[in-house]
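What follows is the residue order along each chain.
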Amino acid sequence: MSQLGTATSMFRHPRRLGLLWALLLPCLSQCDLLWKPCGADNPSCPLQELHDAATTDAYSPSDLKMPDPNTPLGPIRKFEWRASIPIDATKLKYVGMKGTMPVFWVNGTPQKWVVYQASPLPSSAIPGGSSEGLPAAPVGVDFGKIYPVVSGSSFFVLSTVDASIKTWPGNMAVLQDAKLAGPQPVFRHPELDALAVKMQPTMTANSTVLIQWGQGATVTYEKVGAELTAMAVGDLDAADVSGTGLDAILLTGKTGLAVLHQYNAGSIPVDDLLLRDALQGAVERAMPGETSPIPAAFVRNLNGDRFMDVAYIRNGQLLVTSYKGRAATSGMFENWPAAQTLSELSGQTVKSLAAVDLTIDGLPELVVETETYVHFYLNRP
């Protein structure tokens, strides 16, 4: 696959977007790109805006005001590939999206952050390797065994050296005695300070997840006899206005393990069996007989109809199901008509999926991380 594509392949969109995207696609490594690296050679990145980047597209009350559950879904959207940033486990690691800013960690001298900007969106940068506006990057550590992640405005460091899960900076354990099972799976969110990582279970046959809902509310949940393979955190059941707070979707392969409700800070997670089974039914209806796993999922309203959507990737295809609420007469979930093939993912292992509004039009783009690239997809009609 070409590292970044060409101008010919990237400017396939309606005429009304032609001029806009011609302006939006700066150049990296002599290729047309959605992204431009921020640094000393890019003075257009204003430092003072970095602090606010994580809240660029934060959820507002209007996002959660739901329509009648029996109304049709809004217009179905498509996602068009725009750019890919290559990564390498020994040289450049993807840390996550801090708002609209993709953050990477470079194994250089010294080790440092690298941030890319979707110009002219409000964002910022790290000029000349400076740590201005971001916490200092981990330095002098074993690059192959340390995994910084950012979720919302919070940074964390996962370590396979001592199986620790710590805040960054501060290097404080997120939860006392919690031991990391491995660097994957991990879930982080562009806007919410929500982190989910797989922990070492108390019994070998079980799976345990640590969930930090944000603002220090951290819990663990252990599932008997199952292998946790993917997680997603978001307000899935906002349509019900039930005060359950955020929800965590836990997956094993192609099957839902649990849908957990937050309720309030520090409360014991509650598995909603009805919601879990309804979501599983939607997954099975979307691809009958399919046995491939779901390596990544994300909860977000993707098309502006205010129904919360679960986007997930399966066998190189993007699928979406909309949660219409418990009061919906046609069922709690309604699938989008067809899966969309993401050909750029061919031969790659998907690690994470995120949705964030990079174009500031109210409709989020998709960011897909694999073991070799971070891909960016424009939200289109």
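In what follows, the structure referred to is the one given above.
Residues numbered from 1 in each chain as written. Predicted model: local features only at pLDDT ≥ 70, side-chain atom pairs only at ≥ 80, totals over all residues. Heavy atoms only, no water.

## Considerations on the layout of surface pockets
Volume-wise, the largest pocket comes out at about 250 Å³. Along its surface, the largest pocket is lined by 17 residues, and K93, Y94, Y147, K351 and E369 are the ones closest to its centre. Contributions of two or more residues to the lining of the largest pocket are made by β5 (92–98), β8 (146–151) and β11 (186–188). Its residues assigned to classes, the lining of the largest pocket comprises ten nonpolar, one polar and six charged. (1 Å grid on protein atoms, 1.4 Å probe; cavity = no way out; pocket = protein on both sides within 12 Å on 5 of 7 lines; lining within 4 Å. Points joined across faces, edges and corners; volume = space filled by probe spheres on them. Helix = DSSP H or I, 4+ residues; strand = E, 2+ residues; numbered from the N terminus. Nonpolar A, V, L, I, M, F, W, Y, C, P; charged D, E, K, R; others polar.)

## Observations concerning the nonpolar core
The biggest cluster of nonpolar side chains holds 79 residues, and the ones touching the most others in it are F104, L236, I249, L250 and F333. Excluding its chain neighbours within four sequence positions, the residues that come into contact with F333 are L236, L275, A278, L279, A282, R285, V310, T321, S322 and Y323. (Core = buried A, V, L, I, M, F, W, Y, C linked by side-chain atoms within 4.5 Å. Buried < 20%, exposed > 50% of the residue type's maximum accessible area, 1.4 Å probe, protein only. Contact = heavy atoms within 4.5 Å.)

## Considering the pairing of strand β4 (residues 78–86)
With seven of its nine residues buried, β4 lies for the most part within the structure. Relative to strand β26 (residues 373–380), β4 runs antiparallel, the two being bridged by eight bridges. Within β26, the position partnered with E80 by the bridge is L378. (Pairing = 2+ DSSP bridges.)

## Things to note about the packing of aromatic side chains
Summed over all chains, the structure comprises six aromatic pairs. With a centroid separation of 5.5 Å and 50° between ring planes, the pair formed by Y94 and F104 is classed as tilted. Residue Y94 is found in strand β5, and its partner F104 is found in strand β6 (residues 101–106); the two are separated by ten residues along the sequence. Note on Y94: relative accessible area 8%, which makes it buried. Residue class for F104 comes out buried when judged on its relative accessible area of 0%. Here the aromatic rings of F104 and Y116 are separated by 5.4 Å at their centres, their planes lie at 80°, and the arrangement is edge-to-face. With F104 in strand β6 and Y116 in strand β7 (residues 112–117), this pair connects stretches of sequence that are twelve residues apart. The burial state of F104 is the same as that of Y116; both residues are buried. (Phe/Tyr/Trp six-rings, centres within 6.5 Å; stacked < 30°, edge-to-face > 60°.)

## Observations concerning the environment of T321
Looking at the secondary structure, you find T321 in strand β21 (residues 317–323). In the structure, T321 is positioned twelve residues away from F333 in sequence and 6.2 Å away in space, judged by C-alpha atoms. For T321, the residues in contact, after removing those within four places along its chain, are L279, A282, M308, D309, V310, F333, E334 and N335. Of note is the side chain of T321, whose polar atom sits 2.8 Å from the side chain of N335. (Polar contact = N/O pair within 3.5 Å; in protein donor to acceptor, adjacent residues only side chain to side chain.)

## So, unusual backbone geometry
The omega torsion across T109 and P110 is 5°, close enough to zero to call that bond cis. Its place among the elements puts P110 in the loop between β6 and β7. For the bond running from Q184 to P185, omega is 0°, close enough to zero to count as cis. Of note in the backbone geometry, A163 takes a positive phi value of approximately 60° without being a glycine. For A163, the location among the structural elements is in the loop between β9 (154–159) and β10 (164–168). A positive phi angle, close to 70°, is found at D177, a residue other than glycine. When you line up the elements, D177 lands in the loop between β10 and β11. In this structure D177 comes out as exposed when scored by relative accessible area, which is 66%.

## Overview of the sheet that holds strand β15 (residues 230–234)
Read from one edge of the open sheet, four strands run β15-β16-β17-β18, paired in antiparallel fashion. In this open sheet, the two strands that pair with only one neighbour each are β15 and β18 (270–271). Strands in contact with helix α4 (residues 273–286) are β16 (247–252), β17 (255–261) and β18; relative to β17, the strand with the most contacts, it is inclined by about 145°. (Axes fitted to C-alpha atoms, helices over the stretch in contact; angles between N-to-C directions.)

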